Amino acid sequence: MKPASNIARLFLSVAASAVLLQSCGTSNAKAEKEKKEGAAEAAPPALEAFAIQKGQLSSSIKIPGELVAFQRVDLYAKVSSFVRKLYVDVGSEVTAGQLLVTMEAPELNSQLSGAESRLKSQEAVYLSSKATYDRLLETSKTPGTVSQNDLDIAFAKQKSDLAQLDAAKAAYREIGDTRNYLEIRAPFSGVISRRNVSAGAYVGPAGKGSDMPIFTLQEQKKLRLVVSIPEAYNSYLHQNSEVNFTTKSMLNQVFTAKVSRLSGALDERLRSQSIEMDVLNNDKKLLPGMVAEVSIPLTGSNVSTFVVPSKAILNSTTGVFLLRIKDKKVEWIPVKTGRKVEDQTEVFGDLNPDDLIVKTASEEVRDGSAAAHVKTVPATAAVVSK
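Residues numbered from 1 in each chain as written. Predicted model: local features only at pLDDT ≥ 70, side-chain atom pairs only at ≥ 80, totals over all residues. Heavy atoms only, no water.

Asks: Any chance you could explain the overall build of the chain here in plain terms?
Replies: When helices and strands are counted, the chain shows three helices and 24 strands. Across the chain, the fraction of contacts at a sequence separation of at least 24, relative to all contacts at a separation of at least 6, is 75%. As displayed, the chain offers around 23700 Å² of accessible surface, 53% of which is attributable to carbon and sulfur atoms. (Helix = DSSP H or I, 4+ residues; strand = E, 2+ residues; numbered from the N terminus. Contact = heavy atoms within 4.5 Å. Areas by Shrake-Rupley, 256 points an atom, 1.4 Å probe, with all protein chains shown as cover.)

Have a look at this one:
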């Protein structure tokens, strides 16, 4: 039994040694792992940063505008009359000076005849007084025949009759001019867009006939594109600036226009400036009254600014900052933001070209913290470089 007992004790001894060795190996591996993890925790992660540069954001905004006729006029009757004949209708193309409508007012003919009679009568009176004065003047050349007082009275009578004659001529012309208002002619070339009366209708400056115009005439070959530009974008449009626009009826066609007139003042209610652009419309595809979607390019300013990815901007409770790396330390630089296009934003502050800016800002990167490990990456700002 002794040999068996010895064998058992030897087996137990070997097993104990194996357990002890295994325990020592596990402890060493665990210690090595903890050592590596501690070293990893001791080394801060590398900060990704990019060199900031100046540039210009290439963008545009879309603003609604309205197409209106370059010239538009409502044609009314100046005198009380009845429509005699209409020579045009809705859609008629007319030229400047073309006869559009004639009217009749019989009382004007009577007034003109009376004015003509008064004119002839006054003309005869004047000729008589003038002849009297001329005879007296000739006779007065003989001393003692005509007194100076009689000559002065005759001269004054001639002057008075001449004034009356001029008044009669003016009254006659006035009635004649009024008769001319019985014909309405086109003041410019265009298209009749509205007709509100028919032959025989009463028209005039007072009464039912004055409620609506006889015709509305609009010029179509040249239009005005009227846009109200908000105050923030006024600096991007100047005289002769070119813009593109589309209309709802022709979404696939892009039209071009140039700035022709700027109001030079902001609307007190909307705080926007009214801008007009001339649009040639010889093919008449565009119509007055259409709503246009105008694309305003925001690249009109020649001043370049710093542009950074939006995620590089830290919006803190104490302000807006960029995280700059300088002398292996992080600095929080106060900035103001400008325009934003997609994921790029303009910034303004105490910055210099090639400053290293942390690409992804976070409040965990504290102001004044160490930045020994920095990884430089290219900036992704989609800008037009100066």
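Asks: Explanation requested: the pattern of salt bridges in the structure shown.
Replies: Where charged atoms from two side chains of opposite charge approach closely, those side chains can pair. The final tally for this structure, using the stated rule, is 14 salt bridges. Between Lys120 and Glu116 there is a salt bridge; the shortest N-O distance is 3.8 Å. In this pair, Lys120 and Glu116 are both assigned in helix 2 (residues 106-139), four residues apart and thus about one turn of the helix distant. According to the relative accessible area criterion, Glu116 is partly exposed, its value standing at 32%. (Salt bridge = Lys/Arg side-chain N within 4 Å of Asp/Glu carboxyl O. Buried < 20%, exposed > 50% of the residue type's maximum accessible area, 1.4 Å probe, protein only.)

Asks: Explain the nonpolar core to me, please; I cannot follow it from the model alone.
Replies: For soluble globular proteins, nonpolar side chains are generally found buried alongside one another. Counting 24 residues, the largest nonpolar core has Leu225, Phe245 and Leu286 as the members making the most contacts within it. Contributing elements (two or more residues each) for this core: strand 3 (60-69), strand 12 (222-230), strand 13 (242-247), strand 14 (250-266), strand 15 (272-280) and strand 16 (291-297). If we ignore the near neighbours within four places in the chain, the residues touching Phe245 are Leu67, Leu225, Gln253, Val254, Phe255, Thr256, Ala257, Val279, Leu286, Ala292, Glu293 and Val294. Of all hydrophobic cores here, the second largest spans 21 residues; its members include Ala77, Val88, Met103 and Ile192. (Core = buried A, V, L, I, M, F, W, Y, C linked by side-chain atoms within 4.5 Å.)

Asks: Quick question: what am I supposed to make of the sheet that holds strand 4 (residues 72-75) here?
Replies: Two pairing modes exist for strands in a sheet, parallel and antiparallel, and in both the strands are linked by backbone hydrogen bonds. Strand order in the open sheet formed by four strands is 4-11-9-6, with antiparallel pairing between adjacent strands. Among the strands making up the open sheet, the edge pair consists of strand 4 and strand 6 (93-94). (Pairing = 2+ DSSP bridges.)

Asks: Which parts of the structure should I look at to understand helix 3 (residues 148-180)?
Replies: An α-helix turns once per 3.6 residues; consequently, residues spaced three or four apart project the same way. Under the 1.5 Å per step criterion, the end-to-end length of helix 3 is 48 Å for 33 residues, consistent within 8% with the ideal 48 Å. Taken as a whole, helix 3 has its buried residues at Leu151, Ala154, Gln158, Asp161, Leu165, Ala168, Ile175 and Thr178. As for helix 3, its buried residues are in contact with helix 2. (Expected span 1.5 Å × (residues − 1).)

Asks: Before we go on, may I ask you to explain the sheet that holds strand 12 in this structure?
Replies: One closed barrel holds the six strands; their spatial order is 3-12-15-14-13-16, and the pairing between them is antiparallel. If you compare each strand with its neighbour and ignore which way they point, the axes differ by 40 degrees on average. Sheet topology note: the strand 3/strand 16 ladder contains seven bridges and is antiparallel. When the sheet's bridge partners are listed, Gly65 is paired in strand 16 with Ala292. (Axes fitted to C-alpha atoms, helices over the stretch in contact; angles between N-to-C directions.)

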